[in-house]
Amino acid sequence: MDLQKQNAPTPAAELRASDADRDRVADILREALAEGRLTADEHAERVEGVLHAKTVGELEVFIRDLPAGHRRPAGPASMPAPPRVSPEAIPAEADANVVAVFSSAMRRGRWRAGRRLHAYAVFGSVEIDLSEAIFEYQQVVIKAVSVFGDVQIRVPENVSLRGTGGGVLGNFEVSPLDSADPEAPVVHVDGWAVLGNVEARPKRGKLVADILERVQDKVDRKLRKHLGH
């Protein structure tokens, strides 16, 4: 018997797929559908294949023709997020409110994320997408309340994400995330789900630029405006 061959590490593609692996691929497929890279039928067919895949290699087949399927995390390992600032450091009044009562509301695209955002879904749905937002502060608080409704929050892959809350006959779920950059934004999701759903997780393939560059850009713009007067 060839002991060396027997003890050789198993190739990554032959490793058994975990639920987290399937979720990662499903997220990429969902984004591809939203971007128009896949038709609805193609998306449904691939998602069904993902659910039945047994190895990592079988999962990769479904995303090998998609740009996000070739991205790999780079840089050092993740680090614990910096401590949360004191409550007094962030105003109690929200910079923006997103409210859906028997309706839907969303905030996404290129927008400025302040220090505090409130999201309320009452018999409705709210979507908060920070994947293309401009972070002018390192710590951002989102208060999310769902009553017979749904609040979905998405953040870039390279920020830190924390959650504090719970559900009353509902679901409050925040997928903790640690950025490799200690200066990266930290998004805190606080709230409750009453017979509803609050969910926050990273958006695959979406990255935010260095927060220090964002802040410096803000300072430069204010300086130019001041000198212009």
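Everything that follows concerns the structure shown earlier in this document.
Residues numbered from 1 in each chain as written. Predicted model: local features only at pLDDT ≥ 70, side-chain atom pairs only at ≥ 80, totals over all residues. Heavy atoms only, no water.

1. Concerning the pairing of strand β7 (residues 139-147)
Here is the key point about a regular strand: its side chains alternate between the two faces of the sheet. Pairing of strand β4 (residues 116-122) with β7, which is carried by seven bridges, proceeds in the parallel orientation. Pairing of Tyr120 across the sheet is with Val145, part of β7. Inspection of the sheet shows β7 paired to strand β11 (residues 186-194) by nine bridges, in the parallel sense. Paired with Ser146 across the two strands is Ala193, which belongs to β11. (Pairing = 2+ DSSP bridges. Helix = DSSP H or I, 4+ residues; strand = E, 2+ residues; numbered from the N terminus.)

2. Here's the deal with a nonpolar patch on the surface
A contiguous nonpolar patch, built from Val99, Val101, Phe102, Phe123, Phe148, Val168, Leu169, Trp192 and Leu195 and spanning about 940 Å² of accessible area, is present on the exposed surface. Among the secondary structure elements, Val101 is positioned in strand β1 (residues 96-101). According to the relative accessible area criterion, Val101 is partly exposed, its value standing at 45%. (Patch = residues over 30% accessible without salt bridge, like charges linked within 9 Å, V, L, I, M, F, W, Y side chains within 5 Å. Areas by Shrake-Rupley, 256 points an atom, 1.4 Å probe, with all protein chains shown as cover. Salt bridge = Lys/Arg side-chain N within 4 Å of Asp/Glu carboxyl O. Buried < 20%, exposed > 50% of the residue type's maximum accessible area, 1.4 Å probe, protein only.)

3. Focus on the packing of aromatic side chains
Between two aromatic rings, the relevant description is the distance of the centres plus the angle of the planes. All told, the structure shown has two aromatic pairs when counted by the stated rule. Aromatic pair Phe102 and Phe123: ring centres 4.9 Å apart, planes at 0 degrees, arrangement stacked. With a gap of 21 residues between them, Phe102 in the loop between β1 and β2 (104-107) and Phe123 in the loop between β4 and β5 (125-129) connect regions that are remote in the sequence. On the basis of relative accessibility, which here comes to 40%, the residue Phe123 falls in the partly exposed class. Ring plane angle 5 degrees and centroid distance 4.8 Å describe the contact between Phe123 and Phe148, whose orientation is recorded as stacked. Separated by 25 residues along the polypeptide, Phe123 in the loop between β4 and β5 and Phe148 in the loop between β7 and β8 (150-155) bring together distant segments of the chain. Phe148 sits in the partly exposed class, given a relative accessible area of 42%. Each member of the aromatic cluster is reached from another via a ring pair, and the members are Phe102, Phe123 and Phe148. (Phe/Tyr/Trp six-rings, centres within 6.5 Å; stacked < 30°, edge-to-face > 60°.)

4. Brief notes about the nonpolar core
Membership of the largest hydrophobic core comes to 30 residues, with the highest contact counts inside it found for Ile128, Leu130, Ile153 and Val189. Only β1, β4, β5, β7, β8, β10 (171-174), β11 and β12 (197-202) provide two or more residues apiece to this core. Counting residues in each nonpolar core, the second largest holds twelve residues, with Ala17, Ala32, Val50 and Leu59 among its members. (Core = buried A, V, L, I, M, F, W, Y, C linked by side-chain atoms within 4.5 Å.)

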